[in-house]
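Structure assessment
If you want the building blocks of each chain, they are given just below.
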Amino acid sequence: MSASRHPALSATDPELASFVAAEEVLQAQTLRLIPSENYVSAAVLEASGTVLQNKYSEGYPGRRYYEGQQNIDRVEALAIERAKGLFGVDHANVQPYSGSPANLAVYLAFAKPGDTVMGMALPMGGHLTHGWGVSATGSWFRGVQYGVQADTGLIDYDAVRELALAERPKLIFCGGTALPRTIDFAAFASIAEEAGSILVADVAHIAGLIAGGAHPSPAGHVDVISTTTHKTLRGPRGAMLMCREEHAKAIDKAVFPGLQGGPHNQTTAGIAVALHEAAQPSFTAYAHAVVANAKALAAALLERGFDLVSGGTDNHLILIDLTGKDVPGKVAAKALDRAGIVVNYNTVPFDPRKPFDPSGVRIGTPSLTSRGLSAEHMPVVADWIARSVDAAAKGDEPTLAAVRAEVADLMAAFPAPGLPLP
Ligand SMILES: *Cc1c(COP(=O)(O)O)cnc(C)c1O
């Protein structure tokens, strides 16, 4: 399979080529439910593996520190124009290497070490880079954290306001990695205005939903939008920072020369293609199908007795709380993996267990929707999850093997974008 798809690689480095071929098979045959993952199109994959890789281009289009930029400038300008059009923003920087460095650039642009910054606590669903202690953003800055209400699993905007007014943070981050509900950007905006803070919407997870009109947009409400390009947006691994014109200089200076050297032009090309794809009507349908699938899957899991944080989902993500079951998150996640269902274990809000051995499993529908599965398949998926978690509790390996075969069967009927047919 790999020899024909990657002839040069197979000839030069058969060992490495065999790893890639095995990963192709794994991605084709398994049900991938990690909500931050997806399948990029063949076009994005091609664009990300071009000779643009060979070029150094520190600076920005028209203002480079290296010559020979006539094509690179066009690639980056195209990505920028597409980002601005798709998200309705004045300015876009498409150079951040990934979501974490993009966020670090925001700190560099607006804050000084030691300044107070505010974000959602990691165990509540926030991201490391929103001022959490083990991250540079939590050790170089003074992070203060908000969370969700214990009874509803929802953000308490009054508590966020209270904390913001008491702490007057330089930066407020909204968004996260395990939030199954819609973010109220207008509410955050009024809080940030009262507190005199720069407001950052980190939409890494939901950028594709926003582009497709399946989640409200932060544009017009926030100072900076930070996003990865490889989650629901279905582009290559990378990131973008978008803002109003007034912050454009600060953001650009922070990314380069503040934090990075030469941009990864092959990634910029992949981002441009992904943004083009995301502007098509088919992507609007995709984004809505992601949410419809997540809602159908949540309903089917509830019917099978699962406890879901916040009681369900508004977006692509579901956080299963296993505290009421006999199986902790990690044991369940590993059993699901043996059943061909790839998830990640995750803390749930107010988790009684430790972060490396938490009570939750985080799942999402971006990847299965990219393969064309629809709401009618979600009861089957929920059944597989229920049987696997049950089997994990009983140490029932034959059931996990049986589910794995059923999963591979269904997956064979829904080829993944960018992958060879199984
Ligand atoms: C994924 C994610 C990031 C980090 O992106 P990386 O590319 O993994 O560095 C940042 N913020 C949020 C909210 C994320 O979900």
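Above: the structure in question.
These numbers come from a predicted model, not from an experiment.

Time to look at the pattern of salt bridges. Scanning all chains against the criterion turns up 17 salt bridges. The salt bridge involving D115 is made with K170; its shortest N-O contact spans 3.2 Å. A residue pair is termed long-range when its members are at least 10 positions apart, and D115 in the loop between helix 6 (99-110) and strand 5 (116-120) and K170 in the loop between helix 8 (157-167) and strand 7 (171-174) qualify at 55 residues. K170 gets classed as partly exposed once you look at its relative accessible area, which sits at 39%. Residues E397 and R338 are paired through a salt bridge, measuring 2.8 Å at the closest nitrogen-oxygen approach. Here E397, found in helix 17 (residues 397-412), pairs with R338, found in helix 14 (residues 329-338); they are 59 residues apart in sequence, far enough to count as distant. Given the relative accessible area of 39%, R338 is considered partly exposed. Linked through salt bridges whose partners overlap, the residues forming this network are R64, D73 and E76.

Attention now goes to the site of the ligand. Not every one of the 13 residues close to the ligand is listed here, only the nearest: S98, G99, S100, D202 and K231. Measuring from an oxygen atom of the ligand, one finds a backbone N or O atom of G99 at 2.9 Å. Taking D202, its side chain carries an N or O atom lying 2.6 Å from a nitrogen atom of the ligand. In isolation the ligand exposes 380 Å². Once the protein is present, 86% of that is buried.

Turning next to the packing of aromatic side chains. For the structure shown, the criterion picks out 8 aromatic pairs. Between F283 and Y286, the ring centres sit 5.3 Å apart and the planes meet at 50 degrees, which makes this aromatic pair tilted. One end of the pair is F283 and the other is Y286, both in helix 13 (residues 281-303) and 3 residues apart, which spans about a single turn. For F283, a relative accessible area of 2% puts it in the buried group. What links up through ring pairs into an aromatic cluster is the set Y107, F141 and F173. In this structure, R32 packs its charged tip against the face of Y39, placed 4.5 Å from the ring centre. Over the ring of F306 we find K325; its NZ or CZ atom is 4.5 Å from the centre of that ring.

With 5 of 5 residues buried, strand 10 (residues 239-243) is to be regarded as a mostly interior element. Note: strand 4 (residues 91-93) against strand 10, 3 bridges, orientation antiparallel. Following the sheet pairing, N93 is matched in strand 10 by L241. Strand direction decides the pairing type here: strand 9 (residues 224-228) and strand 10, joined by 5 bridges, are antiparallel. Across the sheet, residue T228 finds its bridge partner in strand 10, namely A239.

This brings us to helix 17. The end-to-end C-alpha distance of helix 17, which contains 16 residues, comes to 23 Å, matching closely the 22 Å that a straight helix rising 1.5 Å per residue would cover. Elements that come into contact with the buried residues of helix 17 comprise helix 3 (14-29), strand 1 (31-32), helix 14, strand 13 (341-342) and helix 16 (378-394).

So, about the sheet that holds strand 11 (residues 307-308). The 4 strands lie next to each other as 11-12-15-14, forming an open sheet whose pairing is antiparallel. Looking at the sheet topology across the chains shown, the edges are occupied by strand 11 and strand 14 (344-346). Pairing between strand 14 and strand 15 (residues 360-364): 3 bridges, direction antiparallel. Within the sheet, the bridge partner assigned to Y345 lies in strand 15 and is V361. Across the face of the sheet, helix 14 comes into contact with strand 14 and strand 15 while running at roughly 45 degrees to strand 15.

The rules behind the values
Numbering of residues starts from 1 in every chain and runs along the sequence as written. Thresholds applied to this predicted model are a pLDDT of at least 70 for local features of residues and 80 or more for the giving and counting of side-chain atom pairs; totals over whole chains, interfaces and linings are not thresholded and use all residues. Water and hydrogen atoms play no part in the side-chain values, which are based on all heavy atoms of the structure. Any Lys or Arg side-chain nitrogen located within 4 Å of an Asp or Glu carboxyl oxygen qualifies as a salt bridge. Helix and strand definitions follow DSSP, with helices as H or I runs of at least four residues and strands as E runs of at least two, each counted in order from the N terminus. A simple rule labels every residue: compare its accessible area, found with a 1.4 Å probe on the protein chains alone, to the largest value its type can have, and call it buried under 20%, exposed over 50%, or partly exposed in between. For this description, a residue counts as near a given molecule or strand if any of its non-hydrogen atoms is within 4 Å of it. N or O atoms closer than or at 3.5 Å make up a polar contact, with two conditions inside protein: a donor-capable atom paired with an acceptor-capable one, and, for residues adjacent in sequence, both atoms drawn from side chains. Note on areas: these come from Shrake-Rupley sampling with a 1.4 Å probe, and a residue is covered only by the protein chains present in the view. Two rings belonging to Phe, Tyr or Trp (six-membered ring only in the last case) form a pair when the distance between their centres is within 6.5 Å. Interplanar angles under 30 degrees mark stacking, angles over 60 mark edge-to-face geometry, and anything in between is tilted. Only when the NZ of Lys or the CZ of Arg is both within 6 Å of the ring centre and within 35 degrees of the ring normal is a charge said to sit over the ring. The pairing criterion is simple: DSSP has to find at least two bridges between the two strands. Multiplying 1.5 Å by the helix residue count minus one yields the expected span of that helix. Contact definition: two residues touch when any of their heavy atoms are within 4.5 Å. The axes used here are C-alpha line fits, helices contributing only the stretch in contact, and every angle between their N-to-C directions lies in the interval 0 to 180 degrees.

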